[in-house]
Amino acid sequence: MAKCPRVADRALYRNKPIPPSRKIVRIILIALVAAGVVAVVGFGARYLRAPSSAEVERGVETAKEMPLVGLVIAENPALEEKLRTAIAEELKHPGQVPSPAARFGIETRQRYIIPALLAADDDSVLKAAGGMAALAKYLQARDPELCRELGLAGLRNANKLDDDGKILLRQALALQEQAYRSGKGGPPKTTLKTEEVGRALAEAGSTAKDLEQLDAFATLSTADACAATVKLYAAPRALPPERGASLARWLLTVAQ
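Residues numbered from 1 in each chain as written. Predicted model: local features only at pLDDT ≥ 70, side-chain atom pairs only at ≥ 80, totals over all residues. Heavy atoms only, no water.

Peer 1: Which parts of the structure should I look at to understand the overall build of the protein?
Peer 2: Along the backbone of the protein there are 14 helices and 0 strands. The helix and strand sequence of the protein, counted from the amino end, reads α-α-α-α-α-α-α-α-α-α-α-α-α-α. Here the protein holds 256 residues, and 53% of them are scored as buried. In the protein, of all internal contacts separated by at least 6 residues, the share reaching a separation of at least 24 is 76%. (Helix = DSSP H or I, 4+ residues; strand = E, 2+ residues; numbered from the N terminus. Buried < 20%, exposed > 50% of the residue type's maximum accessible area, 1.4 Å probe, protein only. Contact = heavy atoms within 4.5 Å.)

Peer 1: Can you help me understand the nonpolar core in this one?
Peer 2: Within soluble globular proteins, side chains that are nonpolar generally end up buried alongside one another. Membership of the largest hydrophobic core comes to 29 residues, with the highest contact counts inside it found for Val72, Leu83, Val125 and Tyr180. Counting only elements with at least two residues in this core, the list comes to α4 (53–65), α5 (69–75), α6 (78–92), α7 (100–118), α8 (122–142), α10 (163–183) and α14 (241–253). Looking at which element gives the most residues to this core, the answer is α7, with 5 residues. Ignoring any residue separated from it by four or fewer positions in sequence, one finds Val125 in contact with Leu117, Ala120, Ala179, Ala245, Ala248, Arg249 and Leu252. (Core = buried A, V, L, I, M, F, W, Y, C linked by side-chain atoms within 4.5 Å.)

Peer 1: Explain the environment of Glu75 here, please?
Peer 2: Within the fold, Glu75 resides in helix α5. Taking relative accessible area as the criterion, Glu75 reaches 31% and is therefore assigned partly exposed. Sequence-wise, Glu75 and Tyr112 are 37 residues apart; in three dimensions their C-alpha atoms are separated by 9.9 Å. Residues in contact with Glu75, not counting those within four places in the same chain, are Tyr180 and Lys184.

Peer 1: What should I look at first to understand the layout of surface pockets in this one?
Peer 2: A water-sized probe rolled over the atoms picks out the places where empty space is left. Estimates place the volume of the second largest pocket at around 220 Å³. Leu79, Lys82, Thr85, Ala86, Glu89, Pro100, Arg103, Phe104, Glu107, Thr108, Arg111 and Tyr112 together form the lining of the second largest pocket. Secondary structure elements with two or more residues in the lining of the second largest pocket: α6 and α7. The class makeup of the residues in the lining of the second largest pocket is 5 nonpolar, 2 polar and 5 charged. (1 Å grid on protein atoms, 1.4 Å probe; cavity = no way out; pocket = protein on both sides within 12 Å on 5 of 7 lines; lining within 4 Å. Points joined across faces, edges and corners; volume = space filled by probe spheres on them. Nonpolar A, V, L, I, M, F, W, Y, C, P; charged D, E, K, R; others polar.)

Peer 1: How should the state of the cysteines be read in this particular structure?
Peer 2: Scanning the model with the defined rule gives 1 disulfide in all. The disulfide partner of Cys147 is Cys226, and the gap between their sulfur atoms is 2.1 Å. Judged by the torsion about the S-S bond (95°), the Cys147/Cys226 disulfide is right-handed. Note that Cys147 is positioned in helix α9 (residues 144–152) and Cys226 in helix α13 (residues 222–234), a separation of 79 residues in sequence. What makes Cys147 buried here is its relative accessible area of 0%. Exposure remark for Cys226: the relative accessible area of 1% places this residue in the buried category. (Disulfide = S-S within 2.5 Å.)

Peer 1: How should I be thinking about the pattern of salt bridges in this particular structure?
Peer 2: Pairs can form between side chains of opposite charge whenever their charged atoms are close. Scanning all chains against the criterion turns up 14 salt bridges. Between Glu81 and Arg84 there is a salt bridge whose closest N-O contact spans 2.8 Å. With Glu81 and Arg84 both in helix α6 and 3 residues apart, this pair spans about one turn of that helix. Residue Glu81 is classed as partly exposed on the basis of its relative accessible area of 46%. (Salt bridge = Lys/Arg side-chain N within 4 Å of Asp/Glu carboxyl O.)

Peer 1: Before we go on, may I ask you to explain α7 in this structure?
Peer 2: Each α-helix turn comprises 3.6 residues. Residues three or four places apart therefore point the same way. Its 19 residues place the ends of α7 26 Å apart at the C-alpha level, agreeing with the 27 Å of an ideal helix rising 1.5 Å per residue. Arg109 marks the point of greatest bend in α7, at about 45°. (Expected span 1.5 Å × (residues − 1). Bend = angle between axes of the 7 residues up to and from the residue.)

Peer 1: Whenever I open this one, the packing of α9 against α13 confuses me. Can you help?
Peer 2: When two helices pack together, their arrangement is given by the angle between the helix axes and the distance between those axes. α13 packs onto α9 with a crossing angle of 55° between their chain directions and a minimal axis gap of 8 Å. Between α9 and α13, the angle falls in the class oblique. Considering the relative orientation of α9 and α13, their crossing is left-handed. For the pair α9 and α13, the contacting residues are Pro144, Glu145, Cys147, Arg148, Leu150 and Gly151 in the first and Thr222, Ala225, Cys226, Thr229, Val230 and Tyr233 in the second. When its residues are assigned to classes, the contact of α9 with α13 shows 7 nonpolar, 3 polar and 2 charged. (Axes fitted to C-alpha atoms, helices over the stretch in contact; angles between N-to-C directions. Parallel < 35°, antiparallel > 145°, perpendicular 65-115°, else oblique. Left-handed = near helix turned anticlockwise from the far one by under 90°.)

This is a description of form; function is not addressed.
Laid out in structure tokens, this is it:
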């Protein structure tokens, strides 16, 4: 596989697309999937450890109260029982990777959320990507290690966030909910092909070094990994609106 600097040079100076590496795709995938399911595996984590059925129900109610997750469950009542089963399974067999709750979240995103986000209007998907950028930027100042975790593996436990961080996470999910509402039932709108993403990042200001760092994300220092995460989520807003919205849709639906 070609190194990012050489790929970037070809695109910038020969006007050819920059194919992102598999590692870049994986970084974005993990972070965004985690953002979608964190209501279950993060905010509900203290309930998942409790042995009583009453606490399982509290975990279900916690998830239902979260933006986006709660709306999708309300629209698809059968999901509530699937969530309850996932939480019970997690109690019986802790430590599974991926966890039953995470599998529930991933399947829910793929079936219900991603199709709506692909059809969402430009303004709402740009705001949704901006919500994740705001969270990453906040963590850069307050908790760089958690910021790095967001980029590397997603937020595994949202209880690590301070009160302001939890507010920003809720806001990010609420913005994804708005995008979901705008696109539900509509035809897909323009999104980037995978091989076009690297060039879009370059157009948004990413240098050859930035792309190389994304390719070697796991080896970066905490500060550099956090900075790369912030820049990634901010990229759609650095492009013209239509182009930025196409990148935002890709970022928000890369789990597909």
